[in-house]
Amino acid sequence: MHSMPDAPSRPRVLSGAQPTADSYHLGNYFGAFKQWVALQDDFEAFYFIPDLHAITIEYDPAALRERTYVAAAQLLAAGVDPERSAVFVQSQVPEHAQLAWVLGGITGFGEASRMTQFKDKTTKGGSESASVGLFTYPILMAADILLYQADKVPVGEDQRQHVELTRNLAQRFNHRFGETFTVPEPYVLKATAKIYDLQEPGAKMSKSQSSPNGVVDLLDDPKKAAKKIRSAVTDSGSEIRFDPVEKPGISNLLLIFSALTDRSIDDIVAEFDGQQYGHFKVALGDLVADFVGTFGERTRELLGDRAELDRILAHGAAQAREVAATTLATVYDRSGFLPAK
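Treat the numbers as computed from the prediction; the structure is a model and nothing was measured. (Residues numbered from 1 in each chain as written. Predicted model: local features only at pLDDT ≥ 70, side-chain atom pairs only at ≥ 80, totals over all residues. Heavy atoms only, no water.)

> Kindly report on the nonpolar core, identifying the contributing residues and their values.
Residues Phe33, Leu253, Ile256, Phe280 and Val288 are the most contacted members of the largest nonpolar core, which totals 59 residues. A per-element tally of this core places helix H3 (residues 61-78) first, with nine residues. A domain split of this core shows at least three residues from each of domain 1 (12-192 + 306-335) and domain 2 (222-300). (Core = buried A, V, L, I, M, F, W, Y, C linked by side-chain atoms within 4.5 Å. Buried < 20%, exposed > 50% of the residue type's maximum accessible area, 1.4 Å probe, protein only. Helix = DSSP H or I, 4+ residues; strand = E, 2+ residues; numbered from the N terminus. Domains from an automatic or database assignment.)

> Could you give an account of the UniProt feature "binding site: L-tryptophan" (unreviewed entry) in the chain, naming the residues involved and the relevant values?
As recorded in UniProt, the feature "binding site: L-tryptophan" (unreviewed entry) lies at Asp144. Tracing the backbone through its elements, the reader meets aspartate 144 in helix H7 (residues 132-147). When near neighbours in sequence (up to four residues on either side) are disregarded, aspartate 144 contacts Leu14, Phe48, His53, Gln90 and His96. (UniProt positions renumbered as here; feature names shortened; annotations may be inferred. Contact = heavy atoms within 4.5 Å.)

> Can you tell me about the confidence of the model for the chain, naming the residues and giving the values?
With 96% of its residues at a pLDDT of 70 or more, the chain shows a mean pLDDT of 91. Mean pLDDT across the secondary structure elements of the chain bottoms out at helix H6 (residues 116-122), with 74, and peaks at helix H4 (residues 95-104), with 98. Confidence drops under a pLDDT of 50 for residues 1-7, and excluding neighbours within four residues, the segment shows 14 contacts in the predicted structure. (pLDDT = per-residue confidence, 0-100.)

> Account for the environment of alanine 73, naming residues and giving values.
Tracing the chain through its elements places alanine 73 in helix H3. The class for alanine 73 is buried, based on a relative accessible area of 0%. In sequence terms alanine 73 and leucine 302 are 229 residues apart; their C-alpha atoms lie 5.8 Å from each other. In this view, alanine 73 contacts Thr299, Leu302, Leu303 and Leu309; residues no more than four positions away in its chain are not counted.

> Give a description of the environment of alanine 320 that names residues and reports values.
With respect to the helices and strands, alanine 320 occurs in helix H13 (residues 306-335). Distance in space between the C-alpha atoms of alanine 320 and phenylalanine 48 is 9.5 Å, their sequence separation being 272 residues. Discounting residues that sit within four places of it in the chain, alanine 320 has contacts with Phe46, Phe88, Val93 and Tyr148.

> Mind laying out the pairing of strand S2 (residues 44-49), listing which residues take part and the relevant values?
Here S2 lies mainly inside the structure; six of its six residues are buried. Burial along S2 is two-sided: Glu44, Phe46 and Phe48 and Ala45, Tyr47 and Ile49, pointing in opposite directions, are all buried. Of the strand pairs in this sheet, strand S1 (residues 12-16) and S2 are connected by five bridges, and their pairing is parallel. Considered in S2, the bridge of glycine 16 is made with phenylalanine 48. Taken together, S1, helix H1 (residues 26-39) and S2 constitute a β-α-β crossover, and its handedness is right-handed. (Pairing = 2+ DSSP bridges. Right-handed = clockwise from strand over helix to strand, strands pointing away.)

Next up, the structure:
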């Protein structure tokens, strides 16, 4: 294994994907992982599985352990290269939790209360049923980012507020205790395609919100994936054209077709000119089946060798700790803690 090049000329990027489901889906792949793979060329990249975040809601320990392996295998299957990026599991780098505690001391209660994600997640059960962990989740997320002195944080639009909090905490700490943290910039991913629910094309594809038929999982059986595409909701009329307002169903399918083939939407529309929705959906179903078939095979191959996965993740954690421990030592010193002898 090569160690990561020390060239400070390469800016750092950090991102994570929650291990809260048995499979990621097409929306995750085109919305995030495909870009993460591309970012490895120009950035020193840190990609991790946030298992500490996953325990802020009720969960099953055996399922979490399995899903963490499955998540790691899918990142590798997507093309994240452990020779070029640090790929690791959050709980294996104790500095994440340690820095979160220090940052908690400079975060206002009101400031944390204003986080919209906490509000969204507690609308059903109210904040009474929520854990303190769910409330402090954005502070742990700030620690995740600041530990690595990341310049850029690839996030979806829904996480932008958390990056704002991270910036505020970094500036506050720097102001009170001396320049310590890089103030990160959100890097809002121009998703190769923002993929919507196949059954409700007005809503984004999401494990928690969508019906099972609305989501194509990356580990779906290929035939099942093709069937979901063929039974996707389309719009009135029969013309295949891109119009997200009038024709959200077919527009979403065109986006998926374009994302899978790297062809322009105009090019695809021209190819299916004069054809029925049915023809188009069969062609797209075949493409999706091929894609998830290959992806699933690669993932299962990786999962077949847990010892190798453990080795890759241990290597990633060691790389991450090299950077994280340096940051934390500075933070502890500036915070007035006694040095460990």
